[in-house]
Amino acid sequence: MHRFNEADAGAAEEALLACCGSHRWALRLTAHRPYPDIESLLAAASEASYDLRPADLAEALADESWMPQPLLGMRAPGSQAAHTALRAAHAAYEARFGHVFVVCLEGIDAEEMLDAVLGSIRTRLANDPDEERLVAADELRRIALTRLEHLVATHSGAAAR
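Residues numbered from 1 in each chain as written. Predicted model: local features only at pLDDT ≥ 70, side-chain atom pairs only at ≥ 80, totals over all residues. Heavy atoms only, no water.

**Student:** Account for the overall build of the protein chain, with residues named and values stated.
**Tutor:** Tallying secondary structure elements over the protein chain gives eight helices and zero strands in all. From first element to last, N terminus to C terminus, the protein chain shows the α and β order α-α-α-α-α-α-α-α. When the 161 residues of the protein chain are sorted by exposure, 42% land in the buried category. Of the accessible surface of the protein chain, which amounts to about 8800 Å², a share of 56% is contributed by carbon and sulfur atoms. (Helix = DSSP H or I, 4+ residues; strand = E, 2+ residues; numbered from the N terminus. Buried < 20%, exposed > 50% of the residue type's maximum accessible area, 1.4 Å probe, protein only. Areas by Shrake-Rupley, 256 points an atom, 1.4 Å probe, with all protein chains shown as cover.)

Okay, here's the thing in structure tokens:
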């Protein structure tokens, strides 16, 4: 926590942008430092996530599409047919909603990941765009909190060495 709180504003913002691609979100969290503990930081991050405007959400979702990783769930074990279905579901989702599919997979075993992602995409394809924007925003919030917790834990561990 100390390293995050004491980092210059540019470095803190850059680290936060790796958690959530909204500049407004990152600036807000940077401006409210120092945080007394990780719980306070996570609470502030969650609150900032709920306050994302549509343009901020679009920015964060666009940032997710630039991440250098395969489609969500594609590294999970599964049959060729399941991976083909997953690629098709990702394409259908992006065509319908205009952004990448995001879902927090914290706590999902690798063996269940492909089915979890495919099931989630299929379910969410039935959402209307406004409803899906809310679901995507909440999933993005959960992902950002997980990344932020990992970021602070990693930096705390490095500082303790």
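**Student:** Explain the nonpolar core to me, and be specific about the residues and the numbers.
**Tutor:** Core analysis: the biggest nonpolar cluster contains 45 residues, and W25, L41 and L148 have the highest contact counts within it. Of all the secondary structure elements, the ones that give two or more residues to this core are α2 (9-17), α3 (23-31), α4 (38-50), α5 (54-65), α6 (80-97), α7 (110-124) and α8 (129-160). Ranked by residues supplied to this core, first place goes to α8 with eight residues. Ignoring anything within four residues of it in the chain, the contact list for W25 reads L16, C19, C20, A45, A48, S49, L52 and A144. (Core = buried A, V, L, I, M, F, W, Y, C linked by side-chain atoms within 4.5 Å. Contact = heavy atoms within 4.5 Å.)

**Student:** Explain the packing of aromatic side chains to me, using residue names and the numbers behind them.
**Tutor:** A full pass over the atoms with the stated rule returns three aromatic pairs. When the centroid spacing of 4.8 Å and the interplanar angle of 50° are considered together, the rings of Y93 and F97 count as tilted. Residue Y93 and its partner F97 are located together in helix α6, separated by four residues, close to a single helical turn. Plain terms: the ring middles of Y93 and F101 are 5.1 Å apart, the flat faces sit at 80° to each other, and that makes the pair edge-to-face. (Phe/Tyr/Trp six-rings, centres within 6.5 Å; stacked < 30°, edge-to-face > 60°.)

**Student:** An account of the pattern of salt bridges is requested, with residue identities and associated values reported.
**Tutor:** One pass over the full model with this rule turns up nine salt bridges. For D51, the salt bridge identified is with R28, shortest N-O distance 2.6 Å. Of this pair, D51 sits in the loop between α4 and α5 while R28 sits in helix α3, and the two are 23 residues apart along the sequence. Since its relative accessible area comes to 37%, D51 is described here as partly exposed. On the accessibility criterion, R28 (23% relative accessible area) is partly exposed. Where salt bridges share partners, they join R24, R53 and D56 into one cluster. (Salt bridge = Lys/Arg side-chain N within 4 Å of Asp/Glu carboxyl O.)

**Student:** Residue-level account of the environment of G119, with values.
**Tutor:** Positionally, G119 belongs in helix α7. By relative accessible area, which is 31% here, G119 ends up partly exposed. Each C-alpha atom, one on G119 and one on L86, is 9.3 Å from the other, the two residues being 33 residues apart in sequence.

**Student:** Explain α4 to me, and be specific about the residues and the numbers.
**Tutor:** Taking 1.5 Å as the rise per residue, α4 with 13 residues should run 18 Å; its terminal C-alpha atoms sit 18 Å apart, in good agreement. Every buried residue belonging to α4 is among I38, L41, L42, A44, A45, S46, A48 and S49, and all of these are buried. The N-capping residue of α4, defined by a side-chain oxygen 3.3 Å from the backbone nitrogen of E39, is D37. (Expected span 1.5 Å × (residues − 1). Polar contact = N/O pair within 3.5 Å; in protein donor to acceptor, adjacent residues only side chain to side chain.)

**Student:** Quick rundown of a negative patch on the surface? Include the residues and the values.
**Tutor:** Together, D109, E111, E112 and D115 make up a negatively charged patch on the protein surface. Position of E112 among the secondary structure elements: in helix α7. (Patch = residues over 30% accessible without salt bridge, like charges linked within 9 Å, V, L, I, M, F, W, Y side chains within 5 Å. Lys, Arg positive; Asp, Glu negative; His and termini not counted. Charge placed at Lys NZ, Arg CZ, Asp CG, Glu CD.)

**Student:** Explain α2 residue by residue, including any values.
**Tutor:** Looking only at α2, the buried set comprises A12, E13, A15, L16 and L17. Where α2 begins, the side chain of D8 points an oxygen toward the backbone nitrogen of G10, at a separation of 3.0 Å.

**Student:** Any chance you could break down the side chain of E139 for me, citing the residues and the numbers?
**Tutor:** Here E139 shows up in helix α8. Beyond its immediate sequence surroundings of up to four residues, E139 is in contact with V102, V103, C104 and R124.

**Student:** An account of unusual backbone geometry is needed here, citing residue identities and associated values.
**Tutor:** Here the bond from R33 into P34 is cis, since omega is 5°, no more than 30 degrees from zero. Locating P34 in the fold gives a position in the loop between α3 and α4.

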